[in-house]
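# Reading the structure
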Amino acid sequence: MPHFAPVRVRGGLPLPGRLVRHRRRAVAVGLAVTAAALVAAGPREADRSRGHPAGPSAPEAAPMSPGDRQPARPRRAGTTVTAPVRIADAATVRLLRPGDRVDVIAAEETASGGEARVVARGARVTRVPEPADGTGDDGALVVLSVPRSTAAGLAGASATARLAVTMW
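Every chain is numbered independently, its residues counted from 1 as its sequence is written. Owing to the predicted nature of the model, reporting of local features is limited to residues with pLDDT of at least 70; listing and counting of side-chain atom pairs is limited to 80 or more, with chain, interface and lining totals taken over all residues. Just so you know, side-chain values use all the structure's heavy atoms and leave hydrogens and water out.

## Overview of the overall build of the protein
To keep it simple, the criterion reads: The helix and strand labels rest on DSSP assignments: H or I over at least four residues marks a helix, E over at least two residues marks a strand, and numbering proceeds from the N terminus. Exposure categories follow from relative accessible area, calculated using a 1.4 Å probe and restricted to protein chains: below 20% of the type maximum is buried, above 50% is exposed, and the middle band is partly exposed. Throughout, a contact is declared for two residues whenever any of their heavy atoms are within 4.5 Å. Accessible surface is estimated by sampling points in the Shrake-Rupley manner with a 1.4 Å probe; for residues, cover comes only from the protein chains shown.
What the protein contains, in helices and strands, is 4 helices and 5 strands. The 168 residues of the protein split such that 20% are buried. Here the analysis covers contacts within the protein between residues at least 6 apart in sequence; of these, 63% occur between residues at least 24 apart. In the form shown here, the protein has an accessible surface area of approximately 13200 Å², with 57% of it arising from carbon and sulfur atoms.

## So, the nonpolar core
Heads up, the condition is: For the purposes of this section, nonpolar cores are sets of buried Ala, Val, Leu, Ile, Met, Phe, Trp, Tyr and Cys residues that join through side-chain atoms within 4.5 Å.
Formed by 23 residues in total, the largest nonpolar core has its most connected members in Val 142 and Leu 144. At the level of secondary structure, the elements contributing two or more residues to this core comprise strand 1 (80-87), strand 2 (101-110), strand 3 (113-127), strand 4 (140-147), helix 4 (148-160) and strand 5 (162-167). Among all residues touching Leu 144, those that are not within four sequence positions of it are Val 81, Thr 82, Ala 83, Val 85, Val 102, Val 104, Ala 123, Arg 124, Val 125 and Thr 126.

## Concerning the pairing of strand 4
Our working rule: When DSSP finds two or more bridges between two strands, those strands count as paired.
Burial analysis of strand 4 places 6 of its 8 residues in the buried class, which makes it a mostly covered element. The pairing of strand 1 with strand 4 spans 8 bridges and is classified as antiparallel. For Thr 80, the partnering residue across the bridge sits in strand 4 and is Pro 147.

## Description of the confidence of the model for the protein
The criterion, for reference: pLDDT is a residue-level measure of predictor confidence that goes from 0 to 100.
Chain-level pLDDT for the protein is 76 on average; 65% of the residues reach the 70-or-more range. Helix 1 (residues 15-21) is the least confidently modelled element of the protein, averaging 63 in pLDDT, while strand 4 averages 92, the highest of any element. Counting contacts from residues 55-62, a segment whose pLDDT is below 50, to residues more than four positions away or on other chains yields 2 contacts.

## Structural notes on the pattern of salt bridges
Filter applied, for reference: Salt bridge, as applied in this entry: a Lys or Arg side-chain nitrogen positioned within 4 Å of an Asp or Glu carboxyl oxygen.
One pass over the full model with this rule turns up 1 salt bridge. Close ionic contact of Arg 117 with Glu 108 constitutes a salt bridge, the shortest N to O distance being 3.3 Å. On the basis of relative accessibility, which here comes to 28%, the residue Glu 108 falls in the partly exposed class.

## Quick notes on the environment of Leu 141
Its place among the elements puts Leu 141 in strand 4. Residue Leu 141 is classed as partly exposed on the basis of its relative accessible area, which comes to 30%. Setting aside residues no more than four positions away along its own chain, Leu 141 makes contact with Pro 84, Val 85, Arg 86, Val 93, Val 128 and Pro 129.

## Here's the deal with the side chain of Thr 92
Note the threshold: Identification of polar contacts relies on pairs of N or O atoms within 3.5 Å, with a donor-acceptor requirement for protein atoms, meaning one able to donate a hydrogen and the other able to accept it, and with residues adjacent in sequence counted only if both atoms are side-chain atoms.
Assignment of secondary structure puts Thr 92 in helix 3 (residues 90-94). In terms of polar contacts, Thr 92 uses its side chain to reach the side chain of Asp 89, at 2.7 Å.

## Some remarks on helix 4
Rules: Here, the arc refers to the directions that run from the helix axis to the C-beta atoms.
Of all the positions in helix 4, only Thr 150, Ala 151, Leu 154 and Ala 157 are classed as buried. Summarising the axial view, the buried residues of helix 4 lie within an arc of 130°, below the 170-degree limit, and thus occupy one face. Facing away from the buried side of helix 4, by more than 90 degrees, are the exposed residues Arg 148, Ser 149, Ala 152, Ala 159 and Thr 160.

Written as structure tokens, this is what we have:
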């Protein structure tokens, strides 16, 4: 058998060498595939009722709360909601600051005396609005961040009992 020189193929780099040589293109393709996967997994029309915006784009400016100089935060899907709660003792509310943690207690007056129960544990104070002029001894408003199920309990308790807070 005669002796042949080795066969060399021009332009054929091994696969890892090609990826290194064309890494910008490989990164661009990877990012495009990731973006396509995120769009495909995004919210569907049925998800709109769970807190997703109704339109194709988010609002450009946050809506203003009535009588407030701060823009309201845009709502997002999650497990906590903000709940305004009227506390019976206005002096106690003046002690609170945003970021404080409180327990909310409902005190119901019955014929046999009074009964108290904890309605919300570890609720975070998000706002303490200034009282309106001319308000009587109706207590004071405080805005709490609580789980959605606890907010329903707070609303029900505020209709039937006087609410108080204890600070952590």
